[in-house]
Amino acid sequence: MTAHTPSASRDVRPSFPPIARLGLMLVVGGTMAVALAYALAFAAAPWPARSAWLMAAAQPAIMVGAMALSTRGRSARDRRWVLTLVVVALSVLSGLLAVLLMPAEQATTPLWLGLPPRVLVLLVLVVAVPSVALPWVYAKTFVAVADGE
């Protein structure tokens, strides 16, 4: 009498879509870049000044990677999510890098809409664009995701 053993070739692992793999790579890579930026901040000159640039690139990577991991369900198939993640990543990255490129404010610096220029750039590119884009695409894809469940 022989016992029936389950086939070892049968793959029962849940699917891990490419967007989730990319999200995981972004989170891990961004976290490693943040750790390196903190280490460089305590190094001898000129490394502390360069660590801000590395941190500015790592933060959007972690943020977008976490969003990509959260969309690994049914909504990850929707191209709107991918496009939105790209727009948010570029917006946050360009906002942080623009602030690093802009000169520091002086007492005579003209205000933009009543705010210092660097603050307005941060508010628009790092806060407003993701705050509008993400809920909008979620609302657009909600019906398709809810109907599929």
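Located above this text is the structure these notes cover.
These remarks concern the structure in this document. Each chain carries its own residue numbering, running from 1 in the direction its sequence is written. At least 70 in pLDDT is required for a residue's local features to be given in this predicted model, at least 80 for side-chain atom pairs to be given and counted, and no such filter applies to totals for whole chains, interfaces and linings, which use all residues. Hydrogens and waters are ignored; side-chain quantities use all the structure's heavy atoms.

Points about the side chain of Thr 84
Condition: A helix here means a DSSP run of H or I that spans at least four residues, while a strand means a run of E at least two residues long, and both kinds are numbered starting from the N terminus. Should any heavy atoms of two residues lie within 4.5 Å, those residues are considered in contact.
For Thr 84, the position within the fold is in helix H3 (residues 79-101). With residues near it in sequence (within four places) discarded, Thr 84 still touches Ala 133, Leu 134 and Val 137.

What about the packing of helix H1 (residues 18-41) against helix H2 (residues 47-70)?
Spelled out, the test is: Angles shown run from 0 to 180 degrees and are taken between the N-to-C directions of axes, each axis being a line fitted to C-alpha atoms and, for helices, limited to the stretch in contact. Roughly parallel means an angle under 35 degrees; roughly antiparallel, over 145; roughly perpendicular, 65 to 115; everything else is oblique. Two helices cross in a left-handed way if the nearer one is turned anticlockwise from the farther one by less than a right angle. They cross in a right-handed way if the turn is clockwise. Think of it as three bins: nonpolar holds Ala, Val, Leu, Ile, Met, Phe, Trp, Tyr, Cys and Pro, charged holds Asp, Glu, Lys and Arg, and polar takes everything else, Gly as well.
Close contact between H1 and H2 brings their axes to 7 Å; oriented N to C, the two are set at 155 degrees. Comparing the axis directions of H1 and H2 gives the class roughly antiparallel. Two packed elements cross with a definite hand, and for H1 against H2 that hand is left-handed. Looking at the contact of H1 with H2, its residues break down into 23 nonpolar, six polar and no charged.

Brief notes about the environment of Ala 56
The condition that has to hold: Throughout, exposure labels follow a simple rule: accessible area from a 1.4 Å probe, protein chains only, divided by the maximum for the residue type, with under 20% read as buried, over 50% as exposed, and the rest as partly exposed.
Mapped onto the elements, Ala 56 comes out in helix H2. Residue classification places Ala 56 among the buried residues on the basis of a relative accessible area of 7%. Spatially, the C-alpha atoms of Ala 56 and Ala 37 are 9.5 Å apart, while their sequence positions differ by 19 residues. Apart from the residues lying within four places of it in its own chain, the contact partners of Ala 56 are Leu 93, Leu 96, Leu 97 and Leu 100.

Here we look at the packing of H2 against H3
Put simply, H2 and H3 touch, their axes get as near as 9 Å, and they point 165 degrees apart. Judged on the interaxial angle alone, H3 and H2 are roughly antiparallel. Remark: the crossing between H2 and H3 carries right-handed chirality. For the pair H2 and H3, contact is made by Ala 52, Trp 53, Ala 56, Ala 57, Gln 59, Pro 60, Met 63, Val 64, Met 67 and Ala 68 and by Leu 85, Val 88, Ala 89, Val 92, Leu 93, Leu 96, Leu 97, Leu 100 and Leu 101, respectively.

Things to note about the pattern of salt bridges
Rule in force here: Salt bridges are defined by distance alone: a side-chain nitrogen of Lys or Arg within 4 Å of a carboxyl oxygen of Asp or Glu.
In total, this model carries one salt bridge according to the counting rule given. Salt-bridge contacts for Glu 105 lead to Arg 118; the nearest nitrogen and oxygen are separated by 3.2 Å. Separated by 13 residues along the polypeptide, Glu 105 in the loop between H3 and helix H4 (117-148) and Arg 118 in helix H4 bring together distant segments of the chain. A residue is classified by how much of its surface remains accessible, and Glu 105, at 28% relative accessible area, is partly exposed.

Some points on the environment of Ala 89
Take Ala 89: it is sitting in helix H3. Given the relative accessible area of 22%, Ala 89 is considered partly exposed. Sequence-wise, Ala 89 and Met 63 are 26 residues apart; in three dimensions their C-alpha atoms are separated by 8.1 Å. When near neighbours in sequence (up to four residues on either side) are disregarded, Ala 89 contacts Pro 60 and Val 64.

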